[in-house]
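Reading the structure
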Amino acid sequence: MGPHPAVAAIRLAVRRVLHDILNDHQTSPRTPEGPAERAPSPAAPLVLVACSGGADSMALASALAFEAPKLGIRAGGVTVDHGLQAGSDLRAREVVLRLRELGLDPVESAAVTVGREGGPEAAARDARYAALDAAAVRHGATAILLGHTRDDQAETVLLGLARGSGIRSLSGMAAVSGAGGRYRRPFLHLDRQTARKACMVQSLPVWDDPHNADPAYTRSRLRQEGLPALEKALGKGVVEALARTAQLSRDDADALDTWARQAEAAVRDAAGLLECAKLYALPPAVRRRILRRAAIEAGAPAGSLFARHIEEVDRLITGWRGQGAINLPGRVVAQRQGGRLVIRQG
C-alpha cells in the first residue's frame, strides 16, 4: 500500500523540483534499484528547506528528507527567527530539532532584526530573504525550497491587483526566482489543505503562527475575510482561477520584458541616450518597461519605483508641454532635453 495521497502529492512535487535542480547543474542522477538509498557524496549539491514550523514548510521538509537521498542530493534546513513574538527563539530551536529528527543536515536557526521600511510585512520578508541568502552562501547551497502554496499565490495576485501596479504584480510568485534560480517553490500547484493533511497523516507537529490570523496584517485580513467572501460570492474555484491568472500573467509579462530588452537598443542614440520620438512609437507596455529599466540602472531602488513614477516619466514623451524634471526615488531625476530623455542621479 502506497503513501497517503496528500503525502504522495507533496513528494512528487518535490521530486520534480529536485530533478530540475540536478538538470540545471548538469548532474545526471542514477536511479537506485528498489527503495534503497545511497549516502550523498560531499560533492553532491546541497538543497536547503526554509522552514517556519508551519504545516506548509514542515510538509516540504519531510518530502525533501524523503526524496533527496534517492537522488544523491544533500538536504538541510534553515529556520528564521524574526524576533517579533515572545519565545520566538525557543520555537526556532524546536524547529531545528524537528528538522534534524527528519534527517536533514546541516540545519540552523538564523536570528534577524526586522526593520520598519515598507511596513511590517515587507520588512520581515526582506530580513528573512537576506538571512536565507546568507545561509545559502555560508553552506554552499545550490537551492532553497520555499513552501508557498496555491493559496499563497492567490493571495499574492489579489494584493498585486489592489496595488494597481500592472501585469507583473498579477503574475504572483515565480516557481523559480532569486540569484541563479536559488529559490524554488514546489507547492504552487498544491493547496494549503494538502500540505496540512500530509503533516497530519505523518504525525508531524506543526506550529500555527498567530500573525497569520492577526487582522493587523493585510495578508491575514485577505486570508481570513477577503478570499472567503469572494468564494461565497463567486463560488468555489476562486483560488485555482487566481493561480491560473498568475501563470498567464507571468507568461505575458515575460514576453513583454523580452520585447522591451530587444527594443531598447533601437531607441538609444550613439551616445546611449533615449530618443523620445522612437520611444513614442513603441506600444505603451514596452515603452514603460524600458523607462523602468533605465530608472533602475540610474540608481532608483526597484522596490520604491511604482507605476505612478513611470507614468510621470512617460508623460515627458507622450504629453510633452515643456514640463520640468521628474524626481524619482533614489535621488534620480528624469528630464527631456533636445528630444532626448535623460535619466540620471541629480
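In this section: the side chain of Glu-67. Within the fold, Glu-67 resides in helix 2 (residues 55–67). Classification of Glu-67 as buried rests on a relative accessible area of 2%. A polar contact of 3.1 Å, which involves the side chain of Glu-67, links it to the side chain of Arg-15. For Glu-67, the residues in contact, after removing those within four places along its chain, are Arg-11, Val-14, Arg-15 and Leu-18.

Spanning 14 residues, helix 3 (residues 88–101) covers 20 Å between terminal C-alpha atoms, matching the ideal 20 Å at 1.5 Å per step. On its buried face, helix 3 sits against helix 2, strand 2 (74–81) and strand 3 (107–111).

In this model, the protein chain carries an average pLDDT of 90, and 95% of its residues clear a pLDDT of 70 or more. Within the model, the stretch residues 27–36 combines pLDDT values under 50 with eight contacts to residues more than four positions away or in other chains.

Another aspect to go through is unusual backbone geometry. Where the residue is not glycine, phi is negative for most of them; where a peptide bond is considered, it is trans in most cases. Residue Pro-106 is bonded to the preceding Asp-105 through a cis peptide linkage, with omega at 10°. Inspection of the secondary structure puts Pro-106 in the loop between helix 3 and strand 3. For Ser-203, which is not glycine, the phi torsion reads 60° and is therefore positive. Mapping Ser-203 onto the fold places it in the loop between helix 7 (192–201) and helix 8 (218–234).

Moving on, we get to the pattern of salt bridges. Tallied over the full model, the rule gives 25 salt bridges. Between Arg-138 and Glu-108 there is a salt bridge, with its nearest N and O atoms 2.4 Å apart. Highlighted residues: Arg-138 in helix 4 (residues 120–139) and Glu-108 in strand 3, separated in sequence by 30 residues. When the shortest N-O distance is used, the salt bridge between Glu-231 and Lys-236 registers 3.5 Å.

Here we come to the sheet that holds strand 6 (residues 183–184). What the six strands build is an open sheet, ordered 3-2-1-4-6-5; its pairing is mixed. At either end of the open sheet lies a strand with only one pairing partner, and these are strand 3 and strand 5 (176–177). With five bridges joining them, strand 2 and strand 3 adopt parallel strand pairing. The residue bridging Thr-79 from the neighbouring strand is Ser-109, located in strand 3. Contacts between helix 4 and the sheet are confined to strand 1 (46–50), strand 2, strand 3, strand 4 (143–145) and strand 6, with strand 2 contributing the most and set at about 145° to the helix.

Side-chain direction in a regular strand flips from residue to residue, so the side chains alternate between the two faces of the sheet. Note: strand 8 (residues 326–328) against strand 9 (residues 332–337), three bridges, orientation antiparallel. Within strand 9, the residue paired with Ile-326 across the bridge is Ala-334. Counted along the chain from strand 8 to the antiparallel partner strand 9, the turn is three residues long, and its residue Gly-330 has a positive phi close to 75°. As paired strands, strand 9 and strand 10 (residues 340–345) are joined by six bridges and run antiparallel to one another.

The subject of this paragraph is the sheet that holds strand 9. With antiparallel pairing, the four strands of this open sheet are ordered in space as 7-10-9-8. Edge positions in the open sheet fall to strand 7 (274–275) and strand 8, since each of these has one partner strand only. Where helix 11 (residues 284–297) meets the sheet, its contacts fall on strand 7, strand 8, strand 9 and strand 10, and the angle it forms with strand 10 comes to roughly 35°.

To continue, consider the packing of aromatic side chains. Across all of its chains, the model carries one aromatic pair by this definition. Above the plane of the ring of Phe-66 lies Arg-11, whose end atom (NZ or CZ) is 3.6 Å from the centre.

Time to look at the packing of helix 5 (residues 150–163) against helix 8. Between two packed helices, what matters for the description is the angle formed by their axes and the separation of those axes. Contact geometry for helix 5 and helix 8: axes closest at 10 Å, N-to-C directions at 95°. Relative to helix 8, the element helix 5 is oriented roughly perpendicular. Contacts between helix 5 and helix 8 involve Asp-152, Glu-155, Thr-156, Leu-158 and Leu-159 from the former and Thr-218, Arg-219, Leu-222, Arg-223, Leu-227 and Leu-230 from the latter.

Now for the environment of Lys-236. Examined against the element boundaries, Lys-236 turns out to sit in the loop between helix 8 and helix 9 (238–264). Reaching out from Lys-236, the side chain makes a polar contact with the side chain of Glu-231 at a distance of 3.5 Å.

What follows concerns the nonpolar core. Formed by 37 residues in total, the largest nonpolar core has its most connected members in Leu-18, Leu-64, Leu-104, Leu-145 and Phe-187. Looking at this core, the elements that each hand over two or more residues are helix 1 (5–24), strand 1, helix 2, helix 3, strand 4 and helix 7. If you tally residues by element for this core, the top one is helix 1, at nine residues. Ignoring sequence-local partners within four residues, the contact set of Leu-104 consists of Val-49, Ala-61, Ala-65, Ala-75, Gly-76, Gly-77 and Leu-99. Leu-274, Ala-294, Ala-298 and Leu-328 belong to the second-largest nonpolar core, a separate cluster that totals 25 residues.

Conventions we followed
- Residues numbered from 1 in each chain as written.
- Predicted model: local features only at pLDDT ≥ 70, side-chain atom pairs only at ≥ 80, totals over all residues.
- Heavy atoms only, no water.
- Helix = DSSP H or I, 4+ residues; strand = E, 2+ residues; numbered from the N terminus.
- Buried < 20%, exposed > 50% of the residue type's maximum accessible area, 1.4 Å probe, protein only.
- Polar contact = N/O pair within 3.5 Å; in protein donor to acceptor, adjacent residues only side chain to side chain.
- Contact = heavy atoms within 4.5 Å.
- Expected span 1.5 Å × (residues − 1).
- pLDDT = per-residue confidence, 0-100.
- Salt bridge = Lys/Arg side-chain N within 4 Å of Asp/Glu carboxyl O.
- Pairing = 2+ DSSP bridges.
- Axes fitted to C-alpha atoms, helices over the stretch in contact; angles between N-to-C directions.
- Phe/Tyr/Trp six-rings, centres within 6.5 Å; stacked < 30°, edge-to-face > 60°.
- Lys NZ or Arg CZ within 6 Å of the ring centre and 35° of its normal.
- Parallel < 35°, antiparallel > 145°, perpendicular 65-115°, else oblique.
- Core = buried A, V, L, I, M, F, W, Y, C linked by side-chain atoms within 4.5 Å.

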